[in-house]
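Secondary and tertiary structure notes
Each chain, letter by letter, is given below.
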Amino acid sequence: ELIAIDGAVTIDGSGFISAEHDVFKLMKDANITIGKDVVLYSANDCAIFTSAGADNVTVTLNGTAKSTSSDYAAVQFNGGTTDVTFTLGEYGFIEQNGGEIALMLPAGGDYTINGQITGGTGIYLKGGNLTINSGSSVTALGDRKAYEHMGSGAVSTGDAVVVESCDYPYAPATLTINGGVF
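Attention in this report is confined to the structure presented alongside it.

About the criteria used
- Residues numbered from 1 in each chain as written.
- Predicted model: local features only at pLDDT ≥ 70, side-chain atom pairs only at ≥ 80, totals over all residues.
- Heavy atoms only, no water.
- Phe/Tyr/Trp six-rings, centres within 6.5 Å; stacked < 30°, edge-to-face > 60°.
- Helix = DSSP H or I, 4+ residues; strand = E, 2+ residues; numbered from the N terminus.
- Buried < 20%, exposed > 50% of the residue type's maximum accessible area, 1.4 Å probe, protein only.
- Lys NZ or Arg CZ within 6 Å of the ring centre and 35° of its normal.
- Salt bridge = Lys/Arg side-chain N within 4 Å of Asp/Glu carboxyl O.

Thoughts on the packing of aromatic side chains
This structure, assessed with the given rule, holds 3 aromatic pairs. Their ring planes at 45 degrees and their centres at 5.8 Å tell us that Phe77 and Tyr111 sit as a pair that is tilted. Residue Phe77 is located in strand β10 (residues 75–77), and its partner Tyr111 is located in strand β14 (residues 109–113); the two are separated by 34 residues in the primary sequence. As far as the burial class goes, Phe77 and Tyr111 line up, both buried. Within the aromatic cluster, the residues linked to one another by ring pairs are Phe77, Phe86 and Tyr111. Across from the ring centre of Tyr91, 4.6 Å away, lies the NZ or CZ of Lys36, which sits over that ring.

Here it is in structure tokens:
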């Protein structure tokens, strides 16, 4: 597990970084950039995860974040986090092969999708502002399940995008779609 706190980390070139649990756990004031030929892989947890209170976090993912966990998203920002800026670049890819949500977004912040996302559910938005741009794709491969509100967390529904504007601290969630394939 790599932990980024109060600083910037850039991983470029090409390579494969794997961990049994979180590959990157982001803390307050972390700023990471993942290059287009870099793969982050977690067998049992998230490839990228923020801890509660990890405010002012910036993530630019131009490579791949992948998880095969049957319990966690490939990329997840904790609901106790504010001021998140996340960009999935045009070469970026998020893949969750365990039947779960690929990109879990309950935190306060701004999320921009320009790349590819595949999971049981593609994106689950509970807080913040999500923009999906032309050229991106969000694919759901999971079994269809009825929506179920969870005060903490979410249930994979088999939908490309789920927007749940509920009692989360950073609701209402907003979604802007400028294009893409779903």
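A few points about the pattern of salt bridges
Overall, the coordinates contain 3 salt bridges when judged by the stated rule. We note a salt bridge from Glu95 to Lys66, for which the minimum N-O separation is 3.9 Å. In this pair, Glu95 is assigned in strand β12 (residues 93–96) and Lys66 in strand β9 (residues 64–67), connecting sequence segments 29 residues apart. According to the relative accessible area criterion, Glu95 is buried, its value standing at 17%.

Regarding unusual backbone geometry
With glycine set apart, most residues show a phi of negative sign, and most peptide bonds adopt trans. For Asn56, which is not glycine, the phi torsion reads 60 degrees and is therefore positive. Within the secondary structure, Asn56 sits in the loop between β7 (48–50) and β8 (57–61). Judged by relative accessible area, Asn56 falls into the partly exposed class, the value being 41%. For Asp83, which is not a glycine, the phi torsion comes out positive at approximately 55 degrees. By the secondary structure assignment, Asp83 is in the loop between β10 and β11 (84–88).

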